[in-house]
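# Working through the structure, step by step
Read off the chains here:
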Amino acid sequence: MKSSAHIIGARGIGIAAAACLVRAGWDVTMIESNPEKVAAGCRKEMTLDGQPIQGVHFVHFDEWVPPTDKVVLLCTKTFDNAAILQRLANTQTLVFPIQNGYDRTLEQCSHPAEAIASFVSQCPNNRLSARITRAGALHIGPRRKVSSGERECINALVSAFAKSKLFPVECVADIGPFKSTKLMYNAAISPLAASAGVDNAELLIDPLTQKLFFALLRENYSILRHAGLRLEKIGPFHPDTVMRILQTPLLPRLMGLFFRPSLRGTYCSMSPDMGSGYTEIDAYNGHLIRLAGYFPCPINNAVINLVDRISRERLVQTRTHLHHLVMSLPNGVLN
């Protein structure tokens, strides 16, 4: 019997997932709330890196009925989860998120596994033409103890993603440490790059914004360690190694030169949401602040206030915001 999956969200990661599963011979249905994307999908216009993705069925979210015998890949922004989880309530559908950040409602669900992408797949808001702009892997693993049936489903997805050879696929014993590490990076890059309206590499060019970026990375790492969370390697360095580099004179600047080429031309997923009234800032930095409790996190508090103000007041994204942010921080925070 042909394996089947429903993918919710025709954005960069959803399109990449669809391309993988189609290559592996799966029957794929794409669920999307944007009528322009649904229409484009019905016209067979979905592509990844310029290559057409054939045979994907498109259904508007309003008309979607959750399946009982198929896996559902959740590839939306976290602020879209509420309506989806409400639709899935009281069903036995196996939900498999491929998202960034931590959604409090989703965290309370009993889904067995998740995937974390260290590659970047970007897609315009009203088109179905995604492209992988930064190489990386897909880490797949359980988030709790799983049954034999759930393990079989996880293994089937791992096999299907790996068969496509679009990016490396790593089956891990526990997805939690990888999700925490991705959060450490996302919660530093996304609010800063989105506020400034620049690509991710720009954070490593200006000395002042570079200093702010590295300081936020250190604060994020400290919060996660204070909370007792384990971290795993995503990319070339383990987070412990990254922190040792950031604490060594001259090495942070060298690390910036090392990472800058791989970040050039890549944009954080939060950037196009600025001014819309919805961002994932609560799923990133908000989650870190909740983890911190009484542990000091002044930069995270400051970037949340900045992103909320830019979005609420529909301000132009500019690097000036980051310079004002630096000036607002308590003395010594960036040292």
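So, a few notes on the structure that sits alongside this text. (Residues numbered from 1 in each chain as written. Predicted model: local features only at pLDDT ≥ 70, side-chain atom pairs only at ≥ 80, totals over all residues. Heavy atoms only, no water.)

## Quick word on the packing of helix 6 (residues 176-196) against helix 7 (residues 207-226)
Let me state the cut-off plainly: Lines are fitted to the C-alpha atoms to define the axes, a helix being fitted only along its stretch in contact, and any angle between axes, read from their N-to-C directions, falls within 0 to 180 degrees. Starting at the N terminus, helices and strands are each numbered in turn, a helix being any DSSP run of H or I of at least four residues and a strand any DSSP run of E of at least two. By definition, any crossing whose near helix is turned counterclockwise from its far helix by less than a right angle is left-handed, and any crossing with a clockwise turn is right-handed. Whether two residues are in contact is decided by their heavy atoms, any of which lying within 4.5 Å being enough. Polar here means any residue outside two lists: the nonpolar Ala, Val, Leu, Ile, Met, Phe, Trp, Tyr, Cys and Pro, and the charged Asp, Glu, Lys and Arg; Gly therefore counts as polar.
Look at helix 6 against helix 7: their axes get within 9 Å of each other, and the N-to-C directions meet at 150°. With respect to the hand of their crossing, helix 6 and helix 7 are arranged in right-handed fashion. Touching Ser180, Leu183, Met184, Tyr185, Ala187, Ala188, Ile189, Pro191 and Leu192 of helix 6 are Leu212, Phe213, Leu216, Leu217, Asn220, Tyr221 and Leu224, all from helix 7. The residue inventory of the contact of helix 6 with helix 7, partitioned by class, reads 14 nonpolar, two polar and no charged.

## So, unusual backbone geometry
Despite not being glycine, Asp49 shows a phi value in the positive range, around 55°. Here Asp49 lies in the loop between strand 3 (47-48) and strand 4 (51-52).

## What about the pairing of strand 1 (residues 4-8)?
We apply this condition: The cut-offs for exposure are 20% and 50% of the maximum accessible area for each residue type, with area from a 1.4 Å probe on protein chains only; residues under the lower value are buried, those over the upper are exposed, and the others partly exposed. Note on pairing: two strands pair once DSSP finds at least 2 bridges between them. By the criterion used throughout, a crossover qualifies as right-handed when its path from the first strand across the helix to the second strand runs clockwise, the strands pointing away from the viewer.
By the criterion of burial, strand 1 is predominantly enclosed, with five of the five residues buried. Residues Ser4, His6 and Ile8 of strand 1 are buried on one face, and the alternating residues Ala5 and Ile7, pointing to the opposite face, are buried as well. Sheet analysis places strand 1 next to strand 2 (residues 27-32), joined by five bridges and oriented parallel. Its bridge partner lying in strand 2, Ala5 is registered against Val28. Considered for its hand, the β-α-β crossover made up of strand 1, helix 1 (residues 12-23) and strand 2 is right-handed. Relative to strand 6 (residues 71-74), strand 1 runs parallel, the two sharing four bridges.

## Regarding the layout of surface pockets
Inclusion rule: For cavity detection a 1 Å grid was placed over the protein atoms alone, and a set of points counts as a cavity when a 1.4 Å probe fits there but cannot get out; an open set counts as a pocket when protein lies on both sides within 12 Å along at least five of seven lines, with lining residues being those that have an atom within 4 Å of a point. Grid points are joined across faces, edges and corners, and a volume is the space filled by probe spheres set on the points.
In this structure, the second largest pocket spans a volume of roughly 290 Å³. Along the walls of the second largest pocket sit 11 residues, with Ser3, Ser4, Trp26, Asp69 and Lys70 positioned nearest its centre. If one sorts the elements of the lining of the second largest pocket by residue count, helix 5 (residues 148-164) sits on top with three residues.

## Let's talk about the pattern of salt bridges
Heads up, the condition is: Each salt bridge in this description consists of a side-chain nitrogen of Lys or Arg and a carboxyl oxygen of Asp or Glu lying within 4 Å of one another.
Under the criterion given, the structure shown has 16 salt bridges. Glu150 serves as the salt-bridge partner of Arg144, at 2.8 Å between the closest nitrogen and oxygen. By relative accessible area, Glu150 is classed as buried at 18%. With a closest N to O distance of 3.7 Å, Asp174 and Arg230 form a salt bridge. Placement of the pair is Asp174 in the loop between strand 12 (169-171) and helix 6 and Arg230 in the loop between helix 7 and helix 8 (239-246), with a sequence separation of 56 residues. The structure contains a network of salt bridges with shared partners spanning Glu107, Glu114, Arg143 and Lys179.

## What about the pairing of strand 6?
Within a regular strand, side chains alternate between the sheet's two faces. Every second residue of strand 6 is oriented toward a common face, with Val71 and Leu73 on one face and Val72 and Leu74 on the other, all of them buried. Regarding the hand of the β-α-β motif, the stretch spanning strand 6, helix 3 (residues 81-88) and strand 7 (residues 94-97) is right-handed.

## Some details on the sheet that holds strand 5 (residues 57-60)
Spatial ordering of the open sheet is given by 5-2-1-6-7, a layout of five strands whose pairing is parallel. The sheet terminates laterally at strand 5 and strand 7, the two strands that pair on one side only. The sheet shows a mean angle of 25° between the axes of neighbouring strands, direction not considered. As judged from the four bridges shared by strand 6 and strand 7, these two strands associate in the parallel manner. Bridge pairing in strand 7 links Leu74 to Pro97. Together, strand 6 and strand 7 form the strand contacts of helix 5, whose direction differs from that of strand 6 by roughly 60°.

## Focus on the sheet that holds strand 11 (residues 138-142)
The strand order 8-11-12 describes an open sheet built from three strands, whose pairing is mixed. Edge positions in the sheet fall to strand 8 (113-117) and strand 12, since each has one partner strand and no second. The sheet shows a mean angle of 20° between the axes of neighbouring strands, taken without regard to direction. Alignment of strand 11 against strand 12, held across three bridges, turns out to be parallel. Across the sheet, His139 pairs through a bridge with Glu170, a residue of strand 12. Sheet contacts for helix 5: strand 8, strand 11 and strand 12; angle to strand 11, the most-contacted strand, approximately 170°. Across the sheet, helix 6 touches strand 8 and strand 11, and the angle it forms with strand 8 is around 35°.

## Thoughts on the packing of aromatic side chains
Our working rule: In this analysis, rings of Phe, Tyr and Trp, with Trp reduced to its six-membered ring, are considered paired at centre separations within 6.5 Å, and the interplanar angle assigns stacked below 30 degrees, edge-to-face beyond 60, and tilted for intermediate values. Lysine and arginine charges are scored as sitting over a ring when NZ or CZ, respectively, is within 6 Å of the ring centre and within 35 degrees of the ring normal.
Per the counting criterion, the structure on display carries four aromatic pairs. Ring plane angle 20° and centroid distance 4.3 Å describe the contact between Phe119 and Phe167, whose orientation is recorded as stacked. In this pair, Phe119 is assigned in the loop between strand 8 and strand 9 (120-122) and Phe167 in the loop between helix 5 and strand 12, connecting sequence segments 48 residues apart. Here the basic side chain of Arg87 rests over the ring of Phe61, its NZ or CZ set 4.2 Å away from the ring centre. Its end group placed over the ring of Tyr102, Lys179 keeps NZ or CZ at 4.4 Å from the ring centre.

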